[in-house]
Amino acid sequence: MEINLHKNKSILLNKEQISNLILRLSHEIIESQKNIDSIAVVGIRTRGEIIAKRIIQNIYENYKKKIDLGILDVTFYRDDFSENLGSPKVGPSDIPFNVNNKNIILIDDVLYTGRTVRAAMDELFAFGRPDSIKLGVLVDRGHRELPIRADFIGKNFPTSDNEHVHVLVSEIDGEDKVNLVKY
Amino acid sequence: MKKIESKHLLGLEKISKKDIETIIDVGFTFREVLERPIKKVPVLNGKNIVNLFFENSTRTKISFELAEKRLSADVTNFSASSSSVQKGETLKDTIQNIHVMKMDCVVMRHPVPGSCLQLTNYVDVPIVNAGDGTHEHPTQALLDMMSIKERFGKIEGLNIGIVGDILHSRVALSNIYGLIKMGANVKVCAPPHLLQRGIEKLGVSVCYDVDDLIDWADAINVLRIQRERMGIGLIPSTREYRTFFGITNERLARHKKELVIMHPGPINRGVEIDSEVADSDQAIILDQVLNGVAVRMSVLYLLLGSKDFE
């Protein structure tokens with residue numbers, strides 16, 4: 001029997017669609033909060049960080065407000081860290097503002113099991129006590145294993161178990177694209 | 001998948017350059033953790049680490065213990081002075097007894113060189129050498145290199161001097177192995193009878209005049225003059241040592257150069273180093289202490305976090 005090792009790949013979102021979705025997320029985030037100054041956007045390394053930076057840029061361009069940016073590396077807080085040690089690089093988290101009394105918008109590229117978000121929330125509490133935490137993602141692909149949902153969703157893509165959603169960003173991968181990869 | 005190849009940290013002689021780089025890089029990540037309001041991460045939750053100290057130690061023991069606690073590991077301390085070792089129990093029996101109680105990692109300091117290597121024959125958990133006699137003290141050298149990297153942004157190509165009792169110093173030996181591997185130039189400086197014969201074979205150069213060393217070096221690691229060695233005729237007096245090998249204020253003032261001063265502690269102020277020098281901006285002695293906790297967190301995380309490990 002021949003095993004097919006070729007991955008089946010299809011494009012879910014192109015550059016323009018991604019840009020529009022992130023812009024819409026930015027507007028939704030601002031509209032959801034009465035006090036814009038209390039908002040801080042925290043991206044989860046690595047692609048969540050890039051999306052968070054774009055959201056902050058969008059908010060600056062549209063509302064002339066500079067929003068605080070934070071970056072979380074959740075490696076040390078993961079529940080599967082011993083299985084996951086192969087992850088390419090652990091980097092430091094960078095939360096350059098006081099978390100207390102902030103309304104934190106957590107940003108990641110793909111929402112899947114919810115375990116990363118759980119780890120990120122735990123880690124945030126090591127920095128202080130935020131007023132609230134909300135979650136924004138570019139793609140929600142389903143298959144949650146924890147009672148977690150996103151407050152701001154770019155696009156819902158119901159997927160099957162043998163599929164993966166790969167978000168590519170130009171800052172890291174040289175292009176903006178979201179692929180659906182079948183294994 | 002493993003992040004480092006090594007299963008133990010016995011010394012820096014055998015470890016690969018890549019492993020050293022990984023340990024230092026991850027160390028900087030833990031430095032950031034140490035700046036947080038809550039300086040604890042749950043990575044080693046449920047792991048038991050035993051600290052076996054057959055020799056006195058203050059800062060290494062505290063540093064390891066802090067590192068373990070900040071990784072959320074459970075810590076058991078053992079010191080030889082208050083144990084069955086006093087009743088004649090051998091190292092093998094001690095360790096096998098501790099091992100059947102399901103330890104996940106052993107950190108050991110022992111006066112006999114090679115004792116950590118011997119330990120690997122008895123137990124199959126990661127062993128971390130916290131100093132074995134006059135052999136190696138790898139975590140000290142790792143924190144020294146991390147501090148150098150923090151200050152200079154690199155290690156490769158730097159001129160690093162080591163001055164003091166090289167012959168009896170495990171700190172010196174681990175530093176030599178590590179620094180040479182990382183591409184630094186190392187020069188040692190000591191009274192001739194406190195240097196191993198043939199030390200050049202390790203890739204270091206030798207000088208006997210501390211002024212030459214200061215002229216040459218970007219950073220100097222000043223070793224403690226171990227007072228316990230004074231009585232046996234190796235050093236005539238602390239004043240004579242200070243005159244010829246001490247990093248004194250006057251000596252540094254004469255050279256007028258930017259030189260980074262390191263010291264593994266505990267400091268004998270006024271002997272190997274002047275108080276003013278130790279407290280000056282060019283000394284990174286307290287950075288070394290902080291990096292010590294971070295680099296030990298990194299070592300334990302990388303050794304214990306591996307999936308291959310049963």
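Residues numbered from 1 in each chain as written. Chains lettered and ligands numbered in written order. Predicted model: local features only at pLDDT ≥ 70, side-chain atom pairs only at ≥ 80, totals over all residues.

(A) Structural detail: the domain arrangement of chain B. Residue and element names in this part refer to chain B. Examined at the domain level, chain B breaks down into domain 1 (17-136 + 290-304) and domain 2 (138-288). Put simply, the middle of domain 1 and the middle of domain 2, counted by C-alpha atoms, are 26 Å apart. Contacts between domain 1 and domain 2 engage 19 residues on the former and 20 residues on the latter. When contributions to the side of domain 1 that touches domain 2 are tallied by element, the ones reaching two or more residues are α1 (17-33), β4 (127-132) and α11 (285-304). Residue composition of the side of domain 1 that touches domain 2, grouped by class: seven nonpolar, eight polar and four charged. (Domains from an automatic or database assignment. Contact = placed C-beta atoms within 7 Å. Helix = DSSP H or I, 4+ residues; strand = E, 2+ residues; numbered from the N terminus. Nonpolar A, V, L, I, M, F, W, Y, C, P; charged D, E, K, R; others polar.)

(B) Molecular detail of the sheet that holds strand β2 (residues 39-44) of chain A. All names here are of chain A. Across the sheet, which stays open at both edges, the five strands sit in the order β3-β2-β4-β5-β6 with parallel pairing between neighbours. The open sheet has two edge strands with one neighbour each: β3 (68-72) and β6 (152-156). Strand-to-strand, the axes of this sheet are offset by a mean angle of 25 degrees, without reference to chain direction. Sheet topology note: the strand β4 (residues 103-111)/strand β5 (residues 132-140) ladder contains eight bridges and is parallel. By the bridge assignment for β5, Val 110 is matched with Val 139. Along the sheet, helix α1 (residues 15-32) contacts β2, β4, β5 and β6; its crossing angle with β6, the most-contacted strand, is approximately 150 degrees. Along the sheet, helix α3 (residues 115-125) contacts β2, β3, β4 and β5; its crossing angle with β4, the most-contacted strand, is approximately 155 degrees. (Pairing = 2+ DSSP bridges. Axes fitted to C-alpha atoms, helices over the stretch in contact; angles between N-to-C directions.)

(C) Structural context of unusual backbone geometry. Here the bond from Arg45(A) into Thr46(A) is cis, since omega is 0 degrees, no more than 30 degrees from zero. Looking at the element boundaries, Thr46(A) is found in the loop between β2 and α2 (47-63). Gly265(B) connects to Pro266(B) through a cis peptide bond whose omega is -10 degrees. Positionally, Pro266(B) belongs in the loop between β9 (260-262) and α10 (275-278). Phi at Ser72(B) takes a positive value of approximately 70 degrees, unusual for a residue other than glycine. Within the secondary structure layout, Ser72(B) lies in the loop between α2 (59-70) and β2 (74-79). For Ser72(B), a count of 15 C-beta atoms within 10 Å translates into the label partly exposed. At Lys102(B), a residue that is not glycine, the phi angle is positive and equals roughly 65 degrees. Residue position: Lys102(B) is located in the loop between α3 (91-100) and β3 (105-110). (Buried ≥ 20, exposed ≤ 12 C-beta atoms within 10 Å, placed from the backbone.)

(D) Broad picture of the confidence of the model for chain A. When pLDDT is averaged along chain A, the result is 90, and 91% of the positions lie at 70 or above. When pLDDT is averaged over each element of chain A, β5(A) comes out on top at 97 and strand β1 (residues 8-13) of chain A at the bottom at 87. (pLDDT = per-residue confidence, 0-100.)

(E) Spatial organisation of α1(A). All names here are of chain A. Taking 1.5 Å per residue as the helical rise, α1 with its 18 residues ought to reach 26 Å, and the 26 Å between its terminal C-alpha atoms agrees with that figure. Among all positions in α1, only Ile 18, Ile 22, Leu 25, Ser 26 and Ile 29 are buried. The arc that holds the buried residues of α1, viewed along the axis, is 100 degrees, so those residues lie on one side. Across α1 from its buried face, at more than 90 degrees, point the exposed residues Glu 16, Asn 20 and Glu 31. (Expected span 1.5 Å × (residues − 1). Arc of directions from axis to C-beta.)

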